[in-house]
Amino acid sequence: MKRKSSGAIYRANKSKVYLTGAGPGDPGLITLKAIECLKKAKVVIYDRLVNPELLKYAPEDAEILYAGKPEGYGAASNSRSQKASKKHSLTQDEINRLIVKKAKAGKTVVRLKGGDPFLFGRGAEEALELAKNKIPFEVIPGISSALAVPAYAGIPLTHREFTSSVGIFTGHEDPAKKSSRIDWEKISTGLGTLVFLMGVENLKTIVQNLLKSGRSPLSPCCLIQNGTLTKQKTVSTTLNKIIKAAKASKFLPPSILIVGEVVLLRKKLNWLGSLPLFGKRILITRPKGEDSRFSQILEEYGASCAELPAIAIKPLTDYSQLDAAIKDIFEFQWLIFSSRNGVRFFKQRLDCLNQNPVKLKKIKIAAIGPRTASALESLGLKVRLQPDKFCQEGLLKSFARLKLKNQNILIINALEARDALARGLEKMGANVQIAPAYQTAISCQLSAVSEKILPEIDIITFTSALAAKNFFGTKPEKTFRRNLTKTIIASIGPITSRAIRTAGFEVNIKAKEYTLEGLAEAIIKYYKLKSKNAKVKTTI
């Protein structure tokens, strides 16, 4: 006999909507629970203030729908976000209907909203619409910009020596309205700290109401644009001067206004602004899909990173040479890998030929750098030789200590790789065979280097000579050079530096250790020294 199910229990195939807070902008401030919801989403409906980077957590087959305005923050370039239609903005009623429509189609819907969905996010309106249509939903709170943005600017909203009261308000009220929902007389003198979200659009009205209602003209205040992001911009002054300061600094939304004595603590607590690379815009020319650790290191020190690959990594059209070498692999005493890409494509060919990399343990293996060595070790292969300087010349010095006469050596590298290593080993008496595992090409994304982009870049980083050659060799000479007159150029090593100088450009920053970490360290050291010299000049 069939048991009749209770109306309170939802069937397994019934949809659910997650009203999810995306946080204030910094993608690292989204909650773990929000990420888990995104991973199982069939539909993601996101707003203008959601960082598009968060869309990467959604499945590839998820439907991504944009529900905000076309211009501004939400229009950031992101392959996932570009799937969304941005021809027009949706009214709240249209958004409500869209959520209900997708849910009724049996989809798991994530409604991704900037900050927290229940704090000026109109999440309650969407929840009421779902309840009205008897669609199950769950609210995933997010970190509100009202809390995070002041913290990133070094402003605590409360402090026992200043105030224990805080008020959070929307700055979006229509100034043409006859009456305001904000009781200006009570909040102006009754609360210690005032936070106005979207505070720049109606800044004049906010300031006038506060002054008229008794707030001191000398009240400290701070306006923050793009809070929690590496492009965060701030201006601190007094209430009677903030309008003029905002105009002078060309403040734009999204911005938050904070009024109160706690703003004075920013002088001592401005941790983000004191980072050595804060406000620096760094262009990374590494191939797409490479380790993102370089960007992460730079961003930890306050930089804003943009990726523009100068090299595209592609498989070979013919693998007969590498396949033949793999079949005779035990004829070699040494295997040399010059890059992680070489390891990756070599492993792919091993799989195609049903070869287990563990069987290669008897062969001695050399790697040019630590990341290449790490990739080999992840396959269960021990690296016997690694140079002090991570380049072909450095590896040659390491091999010079060994007896190589009549030793058979196989080099796995790129089709276009330099032959300095092979020639040097042959001079030592070795029998060298080169087996390309992949090829490189000029990235089609280099066309994105325009007159508009380059003037915004403070540093361009190069991690290979080929990247430098491709980058500098694809642009009209006169315009390109004019746009790079104030740009700092950073190089990972001497071979890369030589390619940059050959193109007619100066190398401003050189890594002592030829690794991504070494290059990041050199950039940080450069700006720390520059800052120190600037402080010395101001004291003289």
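Thresholds, definitions, all that
Residues numbered from 1 in each chain as written. Predicted model: local features only at pLDDT ≥ 70, side-chain atom pairs only at ≥ 80, totals over all residues. Heavy atoms only, no water. Helix = DSSP H or I, 4+ residues; strand = E, 2+ residues; numbered from the N terminus. Buried < 20%, exposed > 50% of the residue type's maximum accessible area, 1.4 Å probe, protein only. Contact = heavy atoms within 4.5 Å. Areas by Shrake-Rupley, 256 points an atom, 1.4 Å probe, with all protein chains shown as cover. Phe/Tyr/Trp six-rings, centres within 6.5 Å; stacked < 30°, edge-to-face > 60°. Salt bridge = Lys/Arg side-chain N within 4 Å of Asp/Glu carboxyl O. Pairing = 2+ DSSP bridges. Axes fitted to C-alpha atoms, helices over the stretch in contact; angles between N-to-C directions. Core = buried A, V, L, I, M, F, W, Y, C linked by side-chain atoms within 4.5 Å.

Draft legend 1. The overall build of the protein chain, seen in detail. A tally of regular secondary structure across the protein chain gives 18 helices and 20 strands. Looking at the protein chain as a whole, 49% of its 540 residues qualify as buried. Nonlocal contacts in the protein chain, meaning residues at least 24 apart in sequence, comprise 67% of its contacts between residues at least 6 apart. When the accessible surface of the protein chain is split by element, carbon and sulfur atoms take 52% of a total near 28400 Å².

Draft legend 2. Molecular detail of the packing of aromatic side chains. Overall, the coordinates contain 12 aromatic pairs when judged by the stated rule. Between Tyr152 and Trp271, the ring centres sit 5.0 Å apart and the planes meet at 65°, which makes this aromatic pair edge-to-face. Note that Tyr152 is positioned in helix α4 (residues 145-152) and Trp271 in the loop between α8 (266-269) and β11 (281-284), a separation of 119 residues in sequence. Judged by relative accessible area, which is 15%, Tyr152 ranks as buried. Assessed through its relative accessible area of 40%, Trp271 is described here as partly exposed. Taking 5.1 Å as the distance between ring centres and 40° as the angle between the ring planes, the aromatic pair formed by Phe462 and Phe472 counts as tilted. Here Phe462 is found in strand β18 (residues 459-462), whereas its partner Phe472 is found in helix α15 (residues 465-472), with 10 residues between them in sequence. Neither Phe462 nor Phe472 differs from the other in exposure class; each is buried.

Draft legend 3. The pattern of salt bridges, seen in detail. Inspection of the entire model under this criterion finds 16 salt bridges. Note that Asp47 and Arg111 form a salt bridge whose closest N and O atoms lie 2.9 Å from each other. Of this pair, Asp47 sits in the loop between β2 (43-46) and β3 (63-66) while Arg111 sits in strand β4 (residues 108-113), and the two are 64 residues apart along the sequence. With respect to class, Asp47 is no different from Arg111; both count as buried. The salt bridge partner of Asp419 is Arg423, with a shortest N-O separation of 3.1 Å. With a relative accessible area of 39%, Asp419 lands in the partly exposed category. Its relative accessible area of 43% is what places Arg423 among the partly exposed residues.

Draft legend 4. Spotlight on the sheet that holds strand β8 (residues 220-225). Overall, mixed pairing links the five strands, which are arranged β6-β7-β10-β8-β9 in an open sheet. The outermost strands of the open sheet, each flanked by one partner alone, are β6 (166-170) and β9 (233-238). Here the strands of the sheet are splayed against their neighbours by 15° on average, with no regard to which way each runs. The sheet contact formed by strand β7 (residues 193-197) and strand β10 (residues 255-259) spans four bridges and is antiparallel. In the strand pairing of β10, Val195 is matched with Ile258. Packing against the sheet, α4 makes contact with β6, β7, β8 and β10, and its axis sits at approximately 75° to β10.

Draft legend 5. View of the environment of Leu308. Relative to the assigned elements, Leu308 resides in the loop between β12 (304-307) and β13 (311-314). Accessibility expressed as a relative area gives 7% for Leu308, which makes it buried. Sequence-wise, Leu308 and Gln445 are 137 residues apart; in three dimensions their C-alpha atoms are separated by 6.5 Å.

Draft legend 6. Spatial organisation of the nonpolar core. Counting residues in each nonpolar core, the largest one holds 29 residues, and the members touching the most others are Leu335 and Phe346. Of all elements in the fold, only α10 (320-327), β14 (334-337), α11 (340-352), β15 (364-367), α12 (370-377), β16 (408-414) and β17 (431-442) reach the threshold of two or more residues within this core. The element best represented in this core is α11, accounting for four residues.

Draft legend 7. Fine view of the sheet that holds strand β5 (residues 137-140). Strand order in the open sheet formed by five strands is β3-β2-β4-β1-β5, and the pairing between neighbours is parallel. Among the strands making up the open sheet, the edge pair consists of β3 and β5. Strand-to-strand twist of the sheet, defined as the mean angle between neighbouring strand axes without regard to direction, takes the value 15°. Judged from the six bridges that link them, strand β1 (residues 16-21) and β4 form a sheet pairing that is parallel. Its bridge partner being in β4, Gly21 is matched across the sheet by Lys113. Across the sheet, helix α1 (residues 32-39) is in contact with β1, β2, β4 and β5; its angle to β5 comes to roughly 140°.

Draft legend 8. Summary view of unusual backbone geometry. Omega for the peptide link from Pro253 to Pro254 comes to 0°, which places this bond in the cis form. Residue position: Pro254 is located in the loop between α7 (242-248) and β10. Positioned with a positive phi, Arg122 is a non-glycine residue whose angle comes to about 60°. Within the secondary structure, Arg122 is located in the loop between β4 and α3 (123-132). Given the relative accessible area of 44%, Arg122 is considered partly exposed. For Lys250, which is not glycine, the phi torsion reads 55° and is therefore positive. One can find Lys250 in the loop between α7 and β10.

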